[in-house]
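Understanding the architecture of this molecule
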Amino acid sequence: MSAIDDLATELSKLPGIGRKTALRLTYHLLKQRPEQSRRLADALTTLAERVRPCVRCFNLSEEELCGVCRDPRRDPTVICVVEEASDIGAIERAGEFRGVYHVLGGRLSPLDGVGPEDLTITALVDRAGQEGVREVILATNPSLEGEATALFVQRGLASAMGAQIAVTRIARGLPVGGDLEYADGVTIAQALAARREMA
Ligand SMILES: [Zn+2]
């Protein structure tokens, strides 16, 4: 395989990049100065080496604890549960939430072979018990799988903690099947404000 094919193959594995776009990007890089390509390669290497999951909430971080967990102004007694670390950015942009997060690392998806043991649900239940948590807000995506995941997590928390904590679900103001990540700040703020306790 040639160097051109190698890079095009790797680029075409990225979301939204087909073979054609991958080749176009590869030829674009070839026309650039070599230093530019080297900077891109360095940035990718640094990303892979430095970014890792926060030991407490599984948000992405370059430190042991992420920026949110390290921030003393955040309220550690309210945990907002999201599917992916990228969802945190969307909620932070809305600027309303002052609690902390927990990243599940995906959602339950039997068809894709993703079960409860593949997500950080056990770590969440432990956290909810240890840190004097008052409320867990389930902000998984408003898809079928996201709803099923929220229900599963709610049951896990209820059986471990009973009525000691409130488990709430964000309101359905978000478009069904839509991704939290792409929702606008106002919609997210409204969905959070109108959250309801799960029975
Ligand atoms: Zn964290």
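Okay, so let's go over this structure. Note that this is a predicted model, so its numbers are computed, not measured.

Turning our attention to the coordination of the zinc ion. Protein-derived coordination of the zinc ion comes from Cys 54 (SG), Cys 57 (SG), Cys 66 (SG) and Cys 69 (SG), at a distance range of 2.3 Å. One way to put it: the four donor atoms around the zinc ion meet at angles of 102 to 117°, and that makes the site tetrahedral. Taken in sequence order, the residues that donate to the zinc ion follow the motif C-x2-C-x8-C-x2-C. Each member of the pair, Cys 66 as well as Cys 69, carries the same accessibility label: buried.

In this structure, Thr 120 sits in the loop between strand 4 (99-103) and helix 6 (121-130). Taking the relative accessible area as the measure of exposure, Thr 120 reaches 15% and is therefore buried. For Thr 120, the side chain forms a polar contact with the side chain of His 102, separated by 2.9 Å. The residues contacting Thr 120, other than those within four sequence positions of it, are Phe 58, His 102, Val 103 and Leu 104.

Moving on: the nonpolar core. Judged by nonpolar contacts, the single largest core of 44 residues is most densely connected at Ile 91 and Leu 157. Breaking this core down by element, the ones donating at least two residues are helix 4 (67-70), strand 3 (75-82), helix 5 (85-94), strand 4, helix 6, strand 5 (135-138), helix 7 (144-161) and helix 8 (185-193). Discounting residues that sit within four places of it in the chain, Leu 157 has contacts with Leu 124, Val 125, Ala 128, Val 136, Gly 162, Ile 165 and Val 167.

Here we take up the pairing of strand 5. Each regular strand shows side chains that alternate between the opposite faces of the sheet. The alternating pattern of strand 5 places Glu 135 and Ile 137 on one face and Val 136 and Leu 138 on the opposite face, and all of these are buried. Pairing of strand 3 with strand 5, which is carried by four bridges, proceeds in the parallel orientation. The residue bridging Val 78 from the neighbouring strand is Glu 135, located in strand 5. Strand direction decides the pairing type here: strand 5 and strand 6 (residues 166-169), joined by four bridges, are parallel. Looking at strand 6, one finds that Ile 137 is bridged to Thr 168.

A turn of α-helix holds 3.6 residues, and therefore any two residues three or four places apart point the same way. Three or more residues of helix 5 are buried, namely Ala 85, Asp 87, Ile 88, Ala 90, Ile 91 and Ala 94. Just downstream of helix 5 lies Gly 95, where phi reads positive at about 75°.

Let us look at the layout of surface pockets. By volume, the largest pocket is sized at about 450 Å³. Taken together, 17 residues form the lining of the largest pocket, with Leu 7, Leu 11, Leu 29, Ser 37 and Leu 40 sitting closest to its centre. Elements with a contribution of two residues or more to the lining of the largest pocket: helix 1 (3-11), helix 2 (19-31) and helix 3 (34-50). Of the residues assigned to the lining of the largest pocket, the class counts are 12 nonpolar, four polar and one charged. The computed volume of the second largest pocket comes to approximately 190 Å³. Around the second largest pocket, the lining residues are Glu 147, Arg 169, Ile 170, Ala 171, Arg 172, Ala 194, Arg 196, Glu 197, Met 198 and Ala 199. Grouping the constituent residues of the lining of the second largest pocket by class yields five nonpolar, no polar and five charged.

With respect to the helices, strands and loops of the structure, Asp 6 is situated in helix 1. Distance in space between the C-alpha atoms of Asp 6 and Thr 26 is 9.6 Å, their sequence separation being 20 residues.

Attention shifts here to the sheet that holds strand 6. The strand order 4-3-5-6-7 describes an open sheet built from five strands, whose pairing is mixed. In the strand order of this sheet, the two ends are held by strand 4 and strand 7 (196-197), each with one partner.

Turning our attention to a nonpolar patch on the surface. A surface patch of nonpolar side chains, amounting to about 290 Å² of accessible area, comprises Leu 40, Leu 44 and Leu 47. Along the polypeptide, Leu 40 turns up in helix 3.

You will see that Phe 58, though not glycine, has its phi angle at about 70°, which is positive. The topology assignment puts Phe 58 in the loop between strand 1 (52-53) and strand 2 (60-61).

Each value, and the rule that gives it
Residues numbered from 1 in each chain as written. Predicted model: local features only at pLDDT ≥ 70, side-chain atom pairs only at ≥ 80, totals over all residues. Heavy atoms only, no water. Donors = N, O, S within 2.8 Å, 3.2 Å for Na, K, Ca; no water. Tetrahedral: all angles 85-135°; square planar, octahedral: opposite > 155°, others 65-115°. Buried < 20%, exposed > 50% of the residue type's maximum accessible area, 1.4 Å probe, protein only. Helix = DSSP H or I, 4+ residues; strand = E, 2+ residues; numbered from the N terminus. Polar contact = N/O pair within 3.5 Å; in protein donor to acceptor, adjacent residues only side chain to side chain. Contact = heavy atoms within 4.5 Å. Core = buried A, V, L, I, M, F, W, Y, C linked by side-chain atoms within 4.5 Å. Pairing = 2+ DSSP bridges. 1 Å grid on protein atoms, 1.4 Å probe; cavity = no way out; pocket = protein on both sides within 12 Å on 5 of 7 lines; lining within 4 Å. Points joined across faces, edges and corners; volume = space filled by probe spheres on them. Nonpolar A, V, L, I, M, F, W, Y, C, P; charged D, E, K, R; others polar. Patch = residues over 30% accessible without salt bridge, like charges linked within 9 Å, V, L, I, M, F, W, Y side chains within 5 Å. Areas by Shrake-Rupley, 256 points an atom, 1.4 Å probe, with all protein chains shown as cover. Salt bridge = Lys/Arg side-chain N within 4 Å of Asp/Glu carboxyl O.

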